[in-house]
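# Observations on the model geometry
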Amino acid sequence: MKETKTATAIKAKPKLSTHIRYIVLALIFVNIIINYMDRTNVSIAMPEMAKDIGLSTVQQGLIFSAFGWIYAAMQIPGGILLDKLGSRITYTISLFFWSVITVFQSMVGNFGQLLGLRLGIGFFEAPVMPANNRAVSYWFPDDERGTAIGIYSSAQFLGLAFSTPILFAIHKSIGWQGLFIVTGIIGIIWSIVWFVIYHDPQKSRWIGADELEYIQAGGAITEEEFIKEKNQQPKAKLTWANVRKLFNRRLIGIYIGQFAISGTFWFFLTWFPTYLTEAKHINFLQSGMLSSIPYLSAFAGVILAGYVSDRLLKGKHSESFARKLPVIAGLLLTLLIMGANFTTNPVLIIMFMSIAFFGNGLATITWVFVTALAPKELIGLAGGMFNFCGALSSIVVPIVIGFLVANGNFSSALVFIAFIALLGALSYIFIVGKIDLPKTDEK
């Protein structure tokens, strides 16, 4: 059996003729920025759009959650499609079509039209996070993967931190219709860039032989391994045997944790701009500037989590401690979001929000558990199941908040977010348990 992690691969860092894996990571980084820009543009447009087409808070909650209905339902089919087509083709199709639908959102005139288009975006965005994980699994050795996942996960926060004020400014300048047109066109152009540049390692024209050997010796999935497993057994099929593999205790624990982590994120991605403008009465452009601070905090949390986790793993600490510490600590920090209920000071509000979102960033390296715990032949399917559980929060959280804030008071909504975060921390502590993997070579 191929070595998955050798002492040489961990300790020795040879000088390589190429570093194409970092270019691939940069491409994934931009993909995620565009992905989340197209998820959050509706939250920025919502206060004005709701007045223009007549939406209640309950209808707004349904619009915010509509993305998640199809997104969650398509996770398992998307994982199967990903294992058949690969990251290059899957991502190109997804990115192009969700961007086209984003442009169409500029033409809506009622609740039903907007609801339908949000469902369409959820459909085409469904495979993208498993596709990111698959690409990193192909391009990065085991002892670099946590950092790589941390970096690409941080794109959702860093991208939103810098794009949110710009999106607010675009909205202010050319209205919510223009906002959807601009963001959609950006995605269409980038889908072509991704198709032209990205390839799996063994199909890349630019990777050096020494870099290819380095990432494969370090545990990256290889094309030969993929083909061998595909020929030896049915791959990524939704059989009862595979379902049982996807629902062992540890995987169930990380599924619950992903729901909790995503719950906080979806509050910031949907209701946060409305919270600042409607509940805390902060003016529109100021909200755009202030809302970038929690995203920057979350970005710092993700980067710190990936780095610390990999450093702990390379040292004398167990895999369980190294991978779980940032997640549990981050989920517990998220509880401080409730502090915003006790102040009307914008500085203090943003401080509590930033601490909570920093914690959310710390906890967002959880994709590393999919690679660590799922069978290799089911990485795409396990990633789809994992992302499905996270996507459930995109359905539940916006709708629940829509009902909770019907009277204009967001206090109960923040308590709700804190409760979910606590549930996630308890899941990692008591359900996931130890996740140590053998560090010796398998022969």
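Being a predicted model, the structure only gives us computed values, none of them experimental. (Residues numbered from 1 in each chain as written. Predicted model: local features only at pLDDT ≥ 70, side-chain atom pairs only at ≥ 80, totals over all residues. Heavy atoms only, no water.)

## Re the overall build of the protein chain
Our working definition: Strands are runs of DSSP state E lasting at least 2 residues, helices are runs of H or I lasting at least 4, and numbering of each runs from the N terminus. Only C-alpha atoms enter the radius of gyration, while the globule expectation follows 2.2 Å times N to the 0.38, with N the number of residues. Buried residues are those whose accessible area, probed at 1.4 Å on protein chains only, stays under 20% of the maximum for their type, while exposed residues exceed 50% and partly exposed ones sit between those limits. By the convention used here, residues are in contact when the closest approach between their heavy atoms is within 4.5 Å. Each accessible area value is a Shrake-Rupley result obtained with a 1.4 Å probe; residue values ignore everything except the protein chains displayed when judging cover. His is not counted here, nor are the chain ends, while Lys and Arg score as positive and Asp and Glu score as negative. Lys charges are placed at NZ, Arg charges at CZ, Asp charges at CG and Glu charges at CD.
When its secondary structure is counted, the protein chain shows 18 helices and 0 strands. Compactness check: the protein chain gives a C-alpha radius of gyration of 21 Å against a globular reference of 22 Å for 443 residues, within 12% of the reference. Considering only C-alpha atoms, the protein chain reaches an extent of 65 × 45 × 40 Å along its principal axes. Buried residues in the protein chain amount to 60% of all 443 residues. In the protein chain, the share of contacts with a sequence separation of at least 24, taken over all contacts with a separation of at least 6, comes to 84%. Approximately 16900 Å² of the protein chain is accessible, and the part contributed by carbon and sulfur atoms is 70%. Side-chain charges in the protein chain split into 34 positive and 24 negative, and the spacing between the mean points of these groups amounts to 4 Å.

## Some words on the packing of helix 7 (residues 142-197) against helix 11 (residues 249-279)
For clarity, the cut-off: A fitted line through C-alpha atoms represents every axis, and for helices the fit uses only the stretch in contact; the resulting angles, taken between N-to-C directions, go from 0 to 180 degrees. For classification purposes, angles smaller than 35 degrees are called roughly parallel, those larger than 145 roughly antiparallel, those between 65 and 115 roughly perpendicular, and all remaining angles oblique. Under the scheme applied here, ten amino acids are nonpolar (Ala, Val, Leu, Ile, Met, Phe, Trp, Tyr, Cys and Pro), four are charged (Asp, Glu, Lys and Arg), and all others, including Gly, are polar.
Put simply, helix 7 and helix 11 touch, their axes get as near as 13 Å, and they point 5° apart. Looking at the two axes, helix 7 sits roughly parallel to helix 11. Taking contact as the criterion, the partners of Q156, F157, L160 and F168 in helix 7 are, on helix 11, F265, L269 and P273. Looking at the contact of helix 7 with helix 11, its residues break down into 6 nonpolar, 1 polar and no charged.

## A short note on the packing of aromatic side chains
Rules: By convention, a stacked pair of Phe, Tyr or Trp rings (six-membered ring in the case of Trp) has centres within 6.5 Å and planes under 30 degrees apart, an edge-to-face pair has planes over 60 apart, and any other such pair is tilted.
In this structure the tally under the stated criterion is 24 aromatic pairs. Aromatic pair F97 and F124: ring centres 5.2 Å apart, planes at 20°, arrangement stacked. Here F97, found in helix 4 (residues 75-104), pairs with F124, found in helix 5 (residues 111-125); they are 27 residues apart in sequence, far enough to count as distant. Under the relative-accessibility criterion, F97 is labelled partly exposed at 38%.

## Notes on the side chain of T366
In plain terms, the rule: Definition of a polar contact: a pair of N or O atoms within 3.5 Å, with one able to donate and the other able to accept a hydrogen when the atoms are protein atoms, and with sequence-neighbouring residues admitted only if both atoms are side-chain atoms.
As for its placement among the helices and strands, T366 is situated in the loop between helix 15 (346-362) and helix 16 (367-373). Judged by its relative accessible area of 1%, T366 is buried. In terms of polar contacts, T366 uses its side chain to reach the side chain of Q258, at 2.8 Å. Apart from the residues lying within four places of it in its own chain, the contact partners of T366 are Q258, I261, V327, F386 and Y428.

## Re the nonpolar core
We apply this condition: What makes a nonpolar core is a set of buried Ala, Val, Leu, Ile, Met, Phe, Trp, Tyr and Cys residues whose side-chain atoms join them at distances within 4.5 Å.
Ranked by internal contacts, the top residues of the largest apolar core, which has 134 residues, are M49, F267, Y275, M353 and I401. Among the elements that take part in this core, helix 2 (residues 20-53) stands out by supplying 17 residues, more than any other. Sequence-distant contacts of M49, that is, excluding residues within four places in its chain, are made with V42, G54, V108, L114, W176 and F180.

## Considerations on the side chain of S99
By the element assignment, S99 lies in helix 4. When neighbours within four sequence positions are excluded, S99 is seen to be in contact with D38, G184, G187 and I188.

## Points about the pattern of salt bridges
To keep it simple, the criterion reads: Salt bridge, as used here, is a side-chain nitrogen of Lys or Arg placed within 4 Å of a carboxyl oxygen of Asp or Glu.
Here the structure, examined in full by the defined rule, presents 4 salt bridges. The partner of D200 in a salt bridge is R134, with the nearest N and O atoms 3.5 Å apart. Taken together, the residues span a long stretch of sequence, with D200 in the loop between helix 7 and helix 8 (209-217) and R134 in helix 6 (residues 128-139) at a distance of 66 residues. The structure contains a network of salt bridges with shared partners spanning R21, E144 and E211.

## Some thoughts on the domain arrangement of the protein chain
The line we're drawing: Where each domain begins and ends follows an automated or database-derived domain assignment. Joining two parts hides part of their accessible area as seen by a 1.4 Å probe, and the buried area is that hidden amount summed over both.
Partitioning the protein chain into structural domains gives domain 1 (17-230) and domain 2 (238-436). Facing 56 residues of domain 1, the contacting portion of domain 2 comprises 57 residues. Roughly 4600 Å² of surface becomes buried between domain 1 and domain 2 when both sides are summed, with 73% attributable to carbon and sulfur atoms. The element best represented in the side of domain 1 that touches domain 2 is helix 7, accounting for 23 residues. Residue composition of the side of domain 1 that touches domain 2, by class: 27 nonpolar, 20 polar and 9 charged.

## Digging into the packing of helix 2 against helix 4
For clarity, the cut-off: Note on convention: near helix rotated counterclockwise from far helix by under a right angle means a left-handed crossing. Clockwise means right-handed.
Helix 4 packs onto helix 2 with a crossing angle of 30° between their chain directions and a minimal axis gap of 11 Å. Classified by the angle their axes make, helix 2 and helix 4 are roughly parallel. The two elements helix 2 and helix 4 meet at a crossing, and its hand is left-handed. Across the interface between the two elements, N31, I32, I34, N35, D38 and N41 from helix 2 touch Y91, L95, W98, S99 and T102 from helix 4.

## What to know about a nonpolar patch on the surface
This is how the line gets drawn: Nonpolar side chains (Val, Leu, Ile, Met, Phe, Trp, Tyr) within 5 Å and like charges within 9 Å form the patches, drawn only from residues with over 30% relative accessible area and no salt bridge.
A cluster of nonpolar side chains, contributed by L81, L85, I93, F96 and F97, occupies part of the molecular surface with about 400 Å² of accessible area. With respect to the secondary-structure elements, L85 resides in helix 4.

## Digging into helix 8
Within helix 8 the residues assigned to the buried category are E211, L212, Y214, I215 and Q216. Next to the buried residues of helix 8 lie helix 2, helix 6 and helix 7. One or two residues past the end of helix 8 sits G219, with phi positive at roughly 110°.

## Quick notes on helix 6
What counts, and what does not: A helix is expected to span 1.5 Å for every residue after the first.
Along its 12 residues, helix 6 runs 16 Å from first to last C-alpha, staying within 8% of the 16 Å computed at 1.5 Å per residue. Burial runs high along helix 6: 12 of the 12 residues are buried. Turning to helix 6, its buried residues number three or more, namely V128, M129, P130, A131, N132, N133, R134, A135, V136, S137, Y138 and W139.

## Topic: the confidence of the model for the protein chain
Selection rule: Values of pLDDT, which run from 0 to 100, indicate the predictor's confidence residue by residue.
Residues at a pLDDT of 70 or more form 90% of the protein chain, whose mean pLDDT is 83. Ranking the helices and strands of the protein chain by mean pLDDT puts helix 18 (residues 411-432) first, with 94, and helix 1 (residues 7-11) last, with 43. Across residues 1-10, where pLDDT falls below 50, the model places 30 contacts with residues more than four positions away in sequence or in other chains. For the stretch residues 437-443, pLDDT sits under 50, and the model shows 14 contacts to residues farther than four places along the chain or on other chains.

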